[in-house]
Amino acid sequence: MPELPEVETMVRGVREAMTGRTLKSLEMVPCDCKPIQLSPTLKTIQKRLTRTKILAVERFAKRIVIVHSTGERLVIEPRMTGLMLLNDPPDPDHLRLKWTFTGRKQPQNVWFWDRRGLATCRLYSETDWRKWRESGTIGPDALEVDAEEWRERIKLSRRAVKVAMLDQKTVAGIGNLYASEILHVSQVHPETRCRQLTRQQIERIAENTQHVLREAIRYEGSTLSDGTYRNALNKSGGYQNQHRVYAREGEACPTCEQATIQRIVQAQRSTFFCPCCQSKRRRKR
Ligand SMILES: [Zn+2]
């Protein structure tokens with residue numbers, strides 16, 4: 001958390017406020033907590049970006065990409081608890097970065113807030129960003145992968161499909177929450193080994209990845225019981241009310257209305273699924 005839909009919501013939330021603006025300053029807000037990781041140093045980032053114009057605010061997988069007129073990209077990975085905000089932070093103690101723009105247009109500021117401080121913020125030249133994208137450090141964005149590419153990327157793997165879906169090198173943007181949701185709608189048992197998936201199962205995973213993530217974006221992401229994730233206006237998302245299995249252990253499955261949702265642990269993470277809709281034996285045909 002946050003995953004692709006939450007980061008997309010953050011990007012959409014600040015895009016209009018940032019695009020076309022000239023950066024007057026980018027500062028670190030004084031904060032008693034462990035500082036977020038900046039690379040290179042704040043001083044260098046300031047030197048390279050101050051007085052440049054922001055051309056676009058984009059998303060790549062679970063990262064916010066701020067494109068400057070110099071071609072440079074300031075890339076923020078919110079990790080566990082990072083948020084992009086226009087104003088009204090959940091609390092003032094965990095504000096981390098403050099953008100100030102020239103001109104009189106409102107808002108004058110955009111903020112990055114992070115309770116746990118695990119976020120990273122990195123400046124890339126245009127060339128370095130392209131090289132990094134092409135290096136395969138992380139795979140293609142989950143909204144851009146079709147069934148054929150899914151198949152190519154997982155067909156030889158012995159790993160359980162849920163574990164493979166969390167690997168950002170396979171497909172980027174899906175995390176623990178949406179992996180469970182996608183597999184439930186796709187009627188695939190989360191422990192199925194990738195190489196044993198049928199063509200139809202992979203097609204369903206590809207299709208439902210698009211469907212579930214786009215639906216979650218429409219609801220502005222999921223705010224879980226810890227309340228951490230908020231949109232740019234410090235409001236909760238709405239997709240948590242649409243979850244079919246995530247954190248619903250013991251509840252009736254909304255699809256078959258027969259079985260109860262179960263929780264298992266895979267690669268130290270909780271997986272939720274319906275033993276009836278996602279039976280292991282359903283595989284062939
Ligand atoms: Zn079911």
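Scroll up to find the structure this text is about.
First things first, this report covers the structure right here in the doc. (Residues numbered from 1 in each chain as written. Predicted model: local features only at pLDDT ≥ 70, side-chain atom pairs only at ≥ 80, totals over all residues.)

What about the packing of helix H4 (residues 147-154) against helix H7 (residues 199-218)?
Here is step 1 of the chain: For the pair H4 and H7, the least separation of the axes is 8 Å and the interaxial angle reads 115°. Crossing of H4 against H7: the hand is right-handed. Together, Ala147, Trp150 and Arg151 of H4 and Ile202, Glu203, Ile205 and Ala206 of H7 make up the contact between the two elements.
Here is step 2 of the chain: By residue class, the composition of the contact of H4 with H7 is five nonpolar, no polar and two charged. (Axes fitted to C-alpha atoms, helices over the stretch in contact; angles between N-to-C directions. Helix = DSSP H or I, 4+ residues; strand = E, 2+ residues; numbered from the N terminus. Left-handed = near helix turned anticlockwise from the far one by under 90°. Contact = placed C-beta atoms within 7 Å. Nonpolar A, V, L, I, M, F, W, Y, C, P; charged D, E, K, R; others polar.)

Overview of helix H6 (residues 176-186)
Here is step 1 of the chain: Burial of H6 is extensive: 10 of the 11 residues sit out of reach of the surface.
Here is step 2 of the chain: Taken together, the buried positions of H6 are Leu177, Tyr178, Ala179, Ser180, Glu181, Ile182, Leu183, His184, Val185 and Ser186.
Here is step 3 of the chain: Its buried side turned inward, H6 meets helix H5 (161-166), H7 and strand S11 (269-273).
Here is step 4 of the chain: After H6 finishes, the residue glutamine 187 shows a positive phi value of roughly 55°. (Buried ≥ 20, exposed ≤ 12 C-beta atoms within 10 Å, placed from the backbone.)

Considerations on the sheet that holds strand S3 (residues 54-60)
Here is step 1 of the chain: Spatially, five strands are ordered S2-S9-S5-S4-S3 in an open sheet, and the strand pairing comes out mixed. At either margin of the open sheet sits one strand with a lone partner, and together these are strand S2 (37-39) and S3. In this sheet, neighbouring strand axes are inclined to one another by 15° on average, regardless of whether the strands run parallel or antiparallel.
Here is step 2 of the chain: The sheet contact formed by strand S4 (residues 63-68) and strand S5 (residues 73-77) spans four bridges and is antiparallel. The residue of S5 that forms the bridge with isoleucine 64 is isoleucine 76. (Pairing = 2+ DSSP bridges.)

So, the sheet that holds strand S7 (residues 95-101)
One key point about sheets: their strands pair by backbone hydrogen bonds, in either a parallel or an antiparallel sense.
Here is step 1 of the chain: As summarised here, the arrangement of the four strands in space is S1-S7-S8-S6, forming an open sheet in which the pairing is antiparallel. Of all strands in the sheet, those with a lone pairing partner are strand S1 (23-28) and strand S6 (82-85), marking the two edges. Strand-to-strand twist of the sheet, defined as the mean angle between neighbouring strand axes without regard to direction, takes the value 10°.
Here is step 2 of the chain: Here S7 pairs with strand S8 (residues 109-114) via five bridges, running antiparallel. Among the inter-strand pairings, lysine 98 is bridged to a residue of S8, identified as tryptophan 111.

Section: the packing of H6 against H7
Here is step 1 of the chain: At a minimum axis distance of 8 Å, the contact between H6 and H7 shows a crossing angle of 125°. Taken as axis vectors, H6 and H7 run oblique relative to one another. At the point where H6 passes H7, the crossing takes the right-handed sense. Side by side, H6 and H7 meet where Tyr178, Glu181, Ile182, Val185 and Ser186 of the first sit next to Gln201, Arg204, Ile205, Asn208, Thr209, Val212, Leu213 and Ala216 of the second.
Here is step 2 of the chain: Class assignment for the residues of the contact of H6 with H7 results in seven nonpolar, four polar and two charged. (Parallel < 35°, antiparallel > 145°, perpendicular 65-115°, else oblique.)

Considering the environment of arginine 12
Here is step 1 of the chain: Looking at the secondary structure, you find arginine 12 in helix H1 (residues 4-18).
Here is step 2 of the chain: The exposure class assigned to arginine 12 is partly exposed, which follows from the 16 C-beta atoms found within 10 Å.
Here is step 3 of the chain: C-alpha separation for the pair arginine 12 and asparagine 231, spaced 219 residues apart in sequence, amounts to 9.3 Å.

A short note on unusual backbone geometry
Here is step 1 of the chain: Residue proline 2 is bonded to the preceding methionine 1 through a cis peptide linkage, with omega at -10°.
Here is step 2 of the chain: Take proline 2: it is sitting in the segment before H1.
Here is step 3 of the chain: Residue proline 107 is reached from glutamine 106 by a cis peptide bond, and omega for that bond is -5°.
Here is step 4 of the chain: Take proline 107: it is sitting in the loop between S7 and S8.
Here is step 5 of the chain: If you check the backbone angles, asparagine 234 has positive phi at about 60° while not being a glycine.

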